[in-house]
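# Commentary on secondary and tertiary structure
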Amino acid sequence: AWEAITAGRHALVVAPTGSGKTLSAFLWSLDRLLTRPRPEERSHRTRVLYVSPLKALAVDVERNLRAPLTGIRATADRLGTPFPEVRVGLRSGDTPAADRRRLVTQPPDILITTPESLFLMLTSQARETLHGVETVIVDEVHALAGTKRGAHLAVTLERLDALLAQPAQRIGLSATVRPREEVARFLGGIAPVTVVAPASDKSWDLRVVVPVEDMTAPDDGAEDAEGRASLWPHVEEQVADLIGQHGSTIVFANSRRLAERLTARLNEIAADRHEAAGPPPAQPPAQVMAQSGQTHGAPPVIAKAHHGSVSKEQRAII
């Protein structure tokens, strides 16, 4: 990816999740931010745009980007090399109005945003802070290509280029995308795009697990809330077993309603098992005094639901 990016060409980087493609897109930009003086004009200070289709992903990238910056700073301090500050800003639908105003008065070197927020910036006075953009990184580009959001973003990127002295370099990132040539054409518009897709092998650990011998006729008397014979009690118990055997577990459901109901049921199972385990063994008075304020009676919460209707505060906790 660096061969294409350092040459200034538009690039579509296709590589498996966790392989480092996001870092490959950022490192060249970080190098330029650290080796070139910061523009004096406020309108030219933001030089890198990162566009994510998901607000949660944008937050993760903003957090993860600070790790390499911290590492570079530590190395510079050890070598006695001056290290210019690289400011990272985040703008999305969750960004408070005060923080949005601060992004205009104090533009960051790297701005992380979403397609819709970038459009809103270009249609407001905030566009005056984007005159110096040199690189646009579009993550999860496969989620946008071929959709209305993608068409909207394509127009937004062209409007951004019209604002600049010269078109910004575009870097698209995707773990899996087909057909690559079409997605590259979406990314670059009329400009050519280099497709970077190193060969990679996937190893699968796939298991098909059936909770009962005959799923059409559970024969042990398991019933749902309405008293009908149901497979669900077996599924819920087995999912609870798997959660107990692992540190972190993601359970996918087909609907928000099912996610909420399954979450409640998993916590009920955990509470029943906690109660069945009985009270903790008796402790000597000195140990009880040393643990003042602790309690062992509250049932555990092993599952939380997460979907688009969850508030910003709850999403941050999850």
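In this text, all values refer to a predicted model and were calculated from it rather than measured experimentally. (Residues numbered from 1 in each chain as written. Predicted model: local features only at pLDDT ≥ 70, side-chain atom pairs only at ≥ 80, totals over all residues. Heavy atoms only, no water.)

Before going further, it helps to spend a moment on a nonpolar patch on the surface. Taken together, Val208, Val210 and Met215 make up a surface patch of nonpolar side chains, about 320 Å² in accessible area. Tracing the chain through its elements places Val208 in the loop between β7 (193-196) and α8 (232-245). Judged by its relative accessible area of 78%, Val208 falls in the exposed class. (Patch = residues over 30% accessible without salt bridge, like charges linked within 9 Å, V, L, I, M, F, W, Y side chains within 5 Å. Areas by Shrake-Rupley, 256 points an atom, 1.4 Å probe, with all protein chains shown as cover. Salt bridge = Lys/Arg side-chain N within 4 Å of Asp/Glu carboxyl O. Helix = DSSP H or I, 4+ residues; strand = E, 2+ residues; numbered from the N terminus. Buried < 20%, exposed > 50% of the residue type's maximum accessible area, 1.4 Å probe, protein only.)

On to the pattern of salt bridges, then. Tallied over the full model, the rule gives 15 salt bridges. Arg207 serves as the salt-bridge partner of Asp205, at 3.4 Å between the closest nitrogen and oxygen. Side by side, Asp205 and Arg207 carry an identical accessibility label, which is exposed.

Let us now look at the packing of α8 against helix α9 (residues 256-276). Packed helices, taken two at a time, are described by their axes: the angle between them and the distance between them. It is at 10 Å that the axes of α8 and α9 come closest, and there the two elements cross at 70°. Accordingly, the angle class assigned to the pair α8 and α9 is roughly perpendicular. By crossing handedness, the relation of α8 to α9 is classed as right-handed. Facing Trp232, Glu236, Glu237, Val239, Ala240, Asp241 and Ile243 of α8, the residues of α9 in contact are Leu258, Leu262, Arg265, Leu266, Ile269 and Arg273. (Axes fitted to C-alpha atoms, helices over the stretch in contact; angles between N-to-C directions. Parallel < 35°, antiparallel > 145°, perpendicular 65-115°, else oblique. Left-handed = near helix turned anticlockwise from the far one by under 90°. Contact = heavy atoms within 4.5 Å.)

Turning our attention to the environment of Arg9. Along the chain, the position of Arg9 falls in the loop between α1 (2-6) and β1 (10-14). When its relative accessible area of 36% is taken as the criterion, Arg9 is described as partly exposed. When the C-alpha positions of Arg9 and Gln169 are compared, they lie 6.6 Å apart, and in sequence the two are 160 residues distant. Leave out the neighbours within four places in its chain, and Arg9 touches Glu3, Ala4, Gln169, Arg170 and Thr194.

Moving on, we get to the packing of aromatic side chains. Geometrically, a pair of aromatic rings is defined through the distance of the ring centres and the angle of the planes. Counted according to the given criterion, the structure contains 1 aromatic pair. On the basis of an interplanar angle of 25° and a centroid distance of 5.6 Å, the ring pair of Phe26 and Tyr50 is categorised as stacked. Residue Phe26 is found in helix α2 (residues 21-35), and its partner Tyr50 is found in strand β2 (residues 48-51); the two are separated by 24 residues along the sequence. No difference in accessibility class separates Phe26 from Tyr50, as the two residues are buried. (Phe/Tyr/Trp six-rings, centres within 6.5 Å; stacked < 30°, edge-to-face > 60°.)

Turning our eyes to something else, we now look at the nonpolar core. Note on soluble globular proteins: their nonpolar side chains tend to be buried together. Counting residues in hydrophobic clusters, the biggest one holds 26 residues, and the most contacted among them are Leu12, Leu130, Val133, Val136 and Leu160. Residue assignment for this core shows that the elements contributing at least two residues are β1, β2, α5 (115-122), β5 (135-138), α6 (148-163) and α7 (180-188). Ranked by size, the runner-up nonpolar core spans 22 residues in total, among them Tyr50, Val61, Ile110 and Ile171. (Core = buried A, V, L, I, M, F, W, Y, C linked by side-chain atoms within 4.5 Å.)

A separate point is the pairing of strand β3 (residues 88-91). Direction of pairing for β3 relative to strand β4 (residues 110-113): parallel, over a ladder of 4 bridges. By the bridge assignment for β4, Arg91 is matched with Thr113. This β-α-β element, β3 to helix α4 (residues 97-105) to β4, shows right-handed connectivity. (Pairing = 2+ DSSP bridges. Right-handed = clockwise from strand over helix to strand, strands pointing away.)

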